[in-house]
Amino acid sequence: MSTRNSRWELFFLAASLISLTLALLGLTEANSEGDALHALRQSLSDPDHVLQSWDPTLVNPCTWFHVTCNQHNQVTRLDLGNSNLSGHLVPELGKLQHLQYLELYKNEIQGTIPFELGNLKSLISLDLYSNNLTGKIPSSLVKLKSLVFLRLNENQLTGPIPRELTAVSSLKVVDVSSNDLCGTIPVEGPFEHIPMQNFENNLRLEGPELLGLASYDTNCT
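Residues numbered from 1 in each chain as written. Predicted model: local features only at pLDDT ≥ 70, side-chain atom pairs only at ≥ 80, totals over all residues. Heavy atoms only, no water.

In the annotation of an unreviewed UniProt entry, the protein chain is listed under the name Somatic embryogenesis receptor kinase 1-like and assigned to Camelina sativa.

Structure follows, in structure tokens:
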């Protein structure tokens, strides 16, 4: 009988240790996501105090306004569109591994799009339109195999449209109009069905691309 009891005690001990380990891992992940969002808050000017609830001392960011989490307390949405924010995006955003929607449209955000956004493997929607973003569209976005919506219109982005994006078969909506992009418009993969108006108002952008006849980097520096 004592042997049987000992086995049950060991079983329950092992189960308790597993539960504790999983809880600690979840807590670590939540803290990591909270740290990433706090870094974003620190880089932004927020005159309307929409980020006032973002308290980094809390266990996880799931109670913060404009942040949505799943049942595992993992951040899945960031809804800060039209919030009168200015400042810069931060590379720490790439740590939000479960993020599906990054909504930062219609603000006054400046600087470049962090290369690290390519780490957001669960991302479905990247909405950064109507800001003051500069620099190139990062080629790292090719790693976003779940991406459906890519809206970067009405910024000051330069350089070519990354040809690598033609490999992202999930893309349904791409809008890069009203920037300063150059080169030619891709026509392969998902770009075959993107309307031409989604590329308008880029004075140095030519196209659509004539496969085998035109250089992709035509007039693009």
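There is more to say after this.
S.K.: I would appreciate a short explanation of the environment of G189 in the present structure.
M.R.: For G189, the location among the structural elements is in the loop between β12 (180–184) and β13 (204–206). Through-space distance from the C-alpha of G189 to that of S169 is 6.4 Å; in sequence the pair is 20 residues apart. (Helix = DSSP H or I, 4+ residues; strand = E, 2+ residues; numbered from the N terminus.)

S.K.: Sorry if this is basic, but what is going on with the environment of H49 here?
M.R.: Within the secondary structure layout, H49 lies in the loop between β1 (44–45) and β2 (67–69). Residue classification places H49 among the exposed residues on the basis of a relative accessible area of 52%. For the pair formed by H49 and L85, sequence separation is 36 residues and the distance between their alpha carbons is 9.4 Å. (Buried < 20%, exposed > 50% of the residue type's maximum accessible area, 1.4 Å probe, protein only.)

S.K.: Would you mind showing me how to read the packing of aromatic side chains here?
M.R.: Each aromatic ring pair is summarised here by two numbers: the centre-to-centre distance and the angle between the ring planes. What the rule picks out here adds up to 3 aromatic pairs. Taking 5.0 Å as the distance between ring centres and 10° as the angle between the ring planes, the aromatic pair formed by Y105 and Y129 counts as stacked. In this pair, Y105 is assigned in the loop between β5 (101–103) and β6 (108–111) and Y129 in the loop between β7 (125–127) and β8 (132–133), connecting sequence segments 24 residues apart. The buried category is assigned to Y129, whose relative accessible area is 19%. Between the NZ or CZ atom of R77 and the centre of the ring of Y101, over which it lies, the distance is 4.3 Å. (Phe/Tyr/Trp six-rings, centres within 6.5 Å; stacked < 30°, edge-to-face > 60°. Lys NZ or Arg CZ within 6 Å of the ring centre and 35° of its normal.)

S.K.: Help me understand the nonpolar core, please; the structure alone is not making it clear to me.
M.R.: The nonpolar side chains of a soluble globular protein tend to be buried, and buried together. Judged by nonpolar contacts, the single largest core of 48 residues is most densely connected at L78 and L126. Secondary-structure elements contributing two or more residues to this core are α1 (2–43) and β3 (75–79). For this core, the element with the highest residue contribution is α1, accounting for 3 residues. Among all residues touching L78, those that are not within four sequence positions of it are L37, L40, W54, H66, V67, L93, L99, Y101, L102 and E103. (Core = buried A, V, L, I, M, F, W, Y, C linked by side-chain atoms within 4.5 Å. Contact = heavy atoms within 4.5 Å.)

S.K.: Where do I start with the pattern of salt bridges in this structure?
M.R.: Oppositely charged side chains can form a pair if their charged atoms are brought close together. On inspection of all chains with the given rule, the structure shows 3 salt bridges. A salt bridge links D79 to R77, with the shortest nitrogen-to-oxygen separation between them at 2.9 Å. Among the residues examined, D79 registers a relative accessible area of 25% and is labelled partly exposed. With a relative accessible area of 27%, R77 lands in the partly exposed category. (Salt bridge = Lys/Arg side-chain N within 4 Å of Asp/Glu carboxyl O.)

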